[in-house]
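These are the residues of each chain, in order.
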Amino acid sequence: MLNLLILVFSLLFALSAAFFSYGCLFGMVALPTLVTKTSHKYGILITGMLVPFFVAFVCLFNYQKTKYASDFLIKGLIGFILSGLFLWGISSI
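Report follows, based on the coordinates. Keep in mind the model is a prediction, meaning the values are calculated, not measured.

**Considerations on helix H4 (residues 67-91)**
In this model, H4 (25 residues) spans 36 Å end to end at C-alpha, consistent with the 36 Å of a helix rising 1.5 Å per residue. Looking at H4, one finds that the buried residues are Ala69, Ser70, Phe72, Leu73, Gly76, Gly79, Ser83 and Ile90. Residues of H4 that are buried make contact with helix H1 (2-30) and helix H3 (52-61).

In structure tokens, the structure reads:
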């Protein structure tokens, strides 16, 4: 029974990481559309590559313009929370 719970946790965590990664990748594509000057576009892309969570924050704060990326990021974050709760439940067994 415990092996099944660990398998479910692993799958949930892997799906969460995949959704969050896809959201960050789609967010990197959407970041240049948020600024108008060309020099700022390069600056925001370099910052997004160096600070990965910057992409998530910018996409979530500009939800209307980056809806597709933000949806993946939200699904990934919810999955991380659920997998953490699931792991906490497993550890109490």
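**Digging into the nonpolar core**
Nonpolar side chains tend toward joint burial in soluble globular proteins. Phe20, Cys24, Met28, Leu31, Leu34, Ile44, Val55, Ala56, Val58, Cys59, Ala69 and Leu73 form the largest nonpolar core, which has 12 residues in total. Where this core is concerned, the elements lending two or more residues are H1, H3 and H4. The leading source of residues in this core is H3, at 4 residues. The contacts of Phe20, once residues within four sequence positions are left out, are Phe53, Ala56, Phe72, Leu73, Gly76, Leu77 and Phe80.

About the thresholds
Residues numbered from 1 in each chain as written. Predicted model: local features only at pLDDT ≥ 70, side-chain atom pairs only at ≥ 80, totals over all residues. Heavy atoms only, no water. Helix = DSSP H or I, 4+ residues; strand = E, 2+ residues; numbered from the N terminus. Expected span 1.5 Å × (residues − 1). Buried < 20%, exposed > 50% of the residue type's maximum accessible area, 1.4 Å probe, protein only. Contact = heavy atoms within 4.5 Å. Core = buried A, V, L, I, M, F, W, Y, C linked by side-chain atoms within 4.5 Å.

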